[in-house]
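Results of the structural survey
Spelled out from the first residue to the last, the chains are:
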Amino acid sequence: MKKILIILIAILILISCVHAQDNTTVEINGVSFEIPEKYQGGHTYKNGYSADYFHLTCIDDNIPKSIGLWACEKDYEENLTISNHPVKFYYQYNPPSKDNYSHAYFASGNSIYEISWLGNNITPDIEKLIKDTPPSKINEDKFYSILDESIKTYKIIKSQQDEWDAEYNYLEAKYHDSLSKNPDDRRTKELLITLMNS
């Protein structure tokens, strides 16, 4: 009986230790974030943290890709300030979740972060998460300038990609058409392979 009691106590201690380490605080790019209770239990990855429909990421490595799509396809946009942090806020309807999906971009220290979550407003949890981080070393004008330039870069890259996709689709259609007429049309094959490898 004593052995069983000791084993049960050990299991309870182990469970409480595991629960205490349930991602209440995560460090991303040198900044500590206290994760709100409803978003705990996720996992950390390089430069970020993720739970169901909640993501927190340092986007310094690729700001255009991170902000571009949301900036171009948003339903709502607002610039605001939360406790000396400049914030760019977007939301867009998300069909899989049948809800709006929000994104807040903000600066802390020398880095820019993105938080995304379900809903169409900045909740008290999200506001506290931003408020509790170190102040931004990037001034407000510079912050918005970085984001605006990143959005322009994204649009240029997307336009080029759309052109390449259109050219590829044209050549692929031409290739299939020529194959039906002439199965040995090598020139079209070569053009298609060259485009695919560029």
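Our structure is the block above this text.
Residues numbered from 1 in each chain as written. Predicted model: local features only at pLDDT ≥ 70, side-chain atom pairs only at ≥ 80, totals over all residues. Heavy atoms only, no water.

**Here we look at the environment of Leu129**
For clarity, the cut-off: Helix numbering and strand numbering both begin at the N terminus, where a helix is a DSSP run of H or I of at least 4 residues and a strand a DSSP run of E of at least 2. In this scheme, a residue with accessible area under 20% of its type's maximum is buried, one over 50% is exposed, and one in between is partly exposed, where area comes from a 1.4 Å probe on protein chains only. The contact rule is simple, with two residues in contact once any of their heavy atoms fall within 4.5 Å.
Relative to the helices and strands, Leu129 is located in helix α3 (residues 124-131). Among the residues examined, Leu129 registers a relative accessible area of 3% and is labelled buried. Residues within four places of Leu129 in sequence aside, it is in contact with Phe33, Glu34, Ile35, Pro36, Phe54, Leu56 and Ile115.

**Observations concerning the sheet that holds strand β9 (residues 111-118)**
One key point about sheets: their strands pair by backbone hydrogen bonds, in either a parallel or an antiparallel sense. As a reminder of what qualifies: Two strands qualify as a pair provided that DSSP identifies no fewer than 2 bridges between them. A fitted line through C-alpha atoms represents every axis, and for helices the fit uses only the stretch in contact; the resulting angles, taken between N-to-C directions, go from 0 to 180 degrees.
The 7 strands are arranged β3-β4-β5-β9-β8-β7-β6 in an open sheet whose pairing can be described as antiparallel. Each of the sheet's edge strands pairs with one partner strand only, and the pair in question is β3 (43-45) and β6 (76-82). Direction aside, the axes of adjacent strands within the sheet are offset by 20° on average. Two elements, strand β4 (residues 48-51) and strand β5 (residues 54-58), share 4 bridges in a ladder whose sense is antiparallel. Across the sheet, residue Ala51 finds its bridge partner in β5, namely Phe54. Running over the sheet, helix α2 (residues 63-73) touches β7 (85-94), β8 (99-108) and β9 and is turned about 55° from β7. Here α3 sits on the sheet and contacts β5, β6, β7, β8 and β9; the angle it forms with β9, its principal contact strand, is near 165°.

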